[in-house]
Amino acid sequence: MTMMHALADAVDPDQLNSADEMEERLREIGATRYHSLHPFHTLLHSGKLSKGQVQAWALNRYYYQSSIPIKDAIVISRFRDRDIRREWRHRLDDHDGSDGRDGEDGQEGGIERWLKLTDGLGLSRDLVTSTARILPITRFAVDAYVAFVRERSPLEAVASSLTELFAPGIHRQRIDGMLAHYDFIHPEIMTYFRTRLHQAPRDADFALRFVRARARTPEDRAAVCEALVFKTNVLWAQLDGLHHAYVTGQVPPGAFVPEET
């Protein structure tokens, strides 16, 4: 399954006659499609990958992480309701960090925390932040997500973020599994995942309340569910690419090649 299947994964509006039915369908999508189920993640969390393979995952994932605030800025631009813009704005600080110019203490953002992970894995920041050596499918999938929130309805843009409903579980798997199985992973480089344990539920709660209130017709509710399907496909496609390149050994020209190979 890849993200190109998204338009074919239509949801029947006749089965979505209430917000409760929609939420039940959303949770079913997460239970059956979230990328925690991908074989690459099973290998990652169970200690079956080499350091070079973990480096490849972190390097490619940086492109997704660094694109999230761009996506969120687009979501903000879709709304004239300033209360919604205010609610969504903290996501930018969560990822980009803040410098304290407004009288508050500055805070480190998720992108910096991810770079601490890649630092700890022995990757140079220039290599990581250039994104020059990521897989083509990584760039294609992430760019498709950014385009989705720009081009589809504001309701669908918000709904695509609902993968955050399921994120805490995979973050716990990463923290516990990677610390337990890899001697090159240390607690201080895992701060991104620990921080997201409380940020993701807060964000998911707002997005879920938003779609429950704003998706007023069965067709709207189907669009919400299909947006979540699309997002799960985006995440799944990235892992498909990693598995093909770094587990089966088909690294495309120009992409990162671990030194150990």
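Note that the structure is a prediction, hence the values are computed from the model and not measured.

Caption draft 1: Structural context of the packing of helix α3 (residues 51–77) against helix α7 (residues 136–151). Put simply, α3 and α7 touch, their axes get as near as 9 Å, and they point 10° apart. Classed by the angle they form, the pair α3 and α7 counts as roughly parallel. Touching N60, Y63, Y64, S67, I68, I70, K71, I74 and V75 of α3 are T138, R139, V142, D143, Y145, V146, V149 and R150, all from α7.

Caption draft 2: Representation of the pattern of salt bridges within the structure. Per the stated rule, a full pass over the model turns up 17 salt bridges. The partner of R212 in a salt bridge is D20, and the shortest N-O contact between them spans 2.9 Å. In this pair, R212 is assigned in helix α10 (residues 191–214) and D20 in helix α1 (residues 19–33), connecting sequence segments 192 residues apart.

Caption draft 3: Representation of the packing of aromatic side chains within the structure. Applying the stated criterion to the full structure yields eleven aromatic pairs. Look at Y34 and F166: their rings are 5.8 Å apart centre to centre, the planes differ by 55°, and that puts the pair in the tilted class. Linking Y34 in the loop between α1 and α2 (39–45) with F166 in the loop between α8 (154–159) and α9 (167–181), this pair joins segments that are 132 residues apart in sequence. On the basis of relative accessible area, F166 is assigned to the buried category, the value being 16%. Between F206 and F210, the ring centres sit 6.2 Å apart and the planes meet at 40°, which makes this aromatic pair tilted.

Conventions and cut-offs
- Residues numbered from 1 in each chain as written.
- Predicted model: local features only at pLDDT ≥ 70, side-chain atom pairs only at ≥ 80, totals over all residues.
- Heavy atoms only, no water.
- Axes fitted to C-alpha atoms, helices over the stretch in contact; angles between N-to-C directions.
- Helix = DSSP H or I, 4+ residues; strand = E, 2+ residues; numbered from the N terminus.
- Parallel < 35°, antiparallel > 145°, perpendicular 65-115°, else oblique.
- Contact = heavy atoms within 4.5 Å.
- Salt bridge = Lys/Arg side-chain N within 4 Å of Asp/Glu carboxyl O.
- Phe/Tyr/Trp six-rings, centres within 6.5 Å; stacked < 30°, edge-to-face > 60°.
- Buried < 20%, exposed > 50% of the residue type's maximum accessible area, 1.4 Å probe, protein only.

Just distances and angles here, no functional claims.
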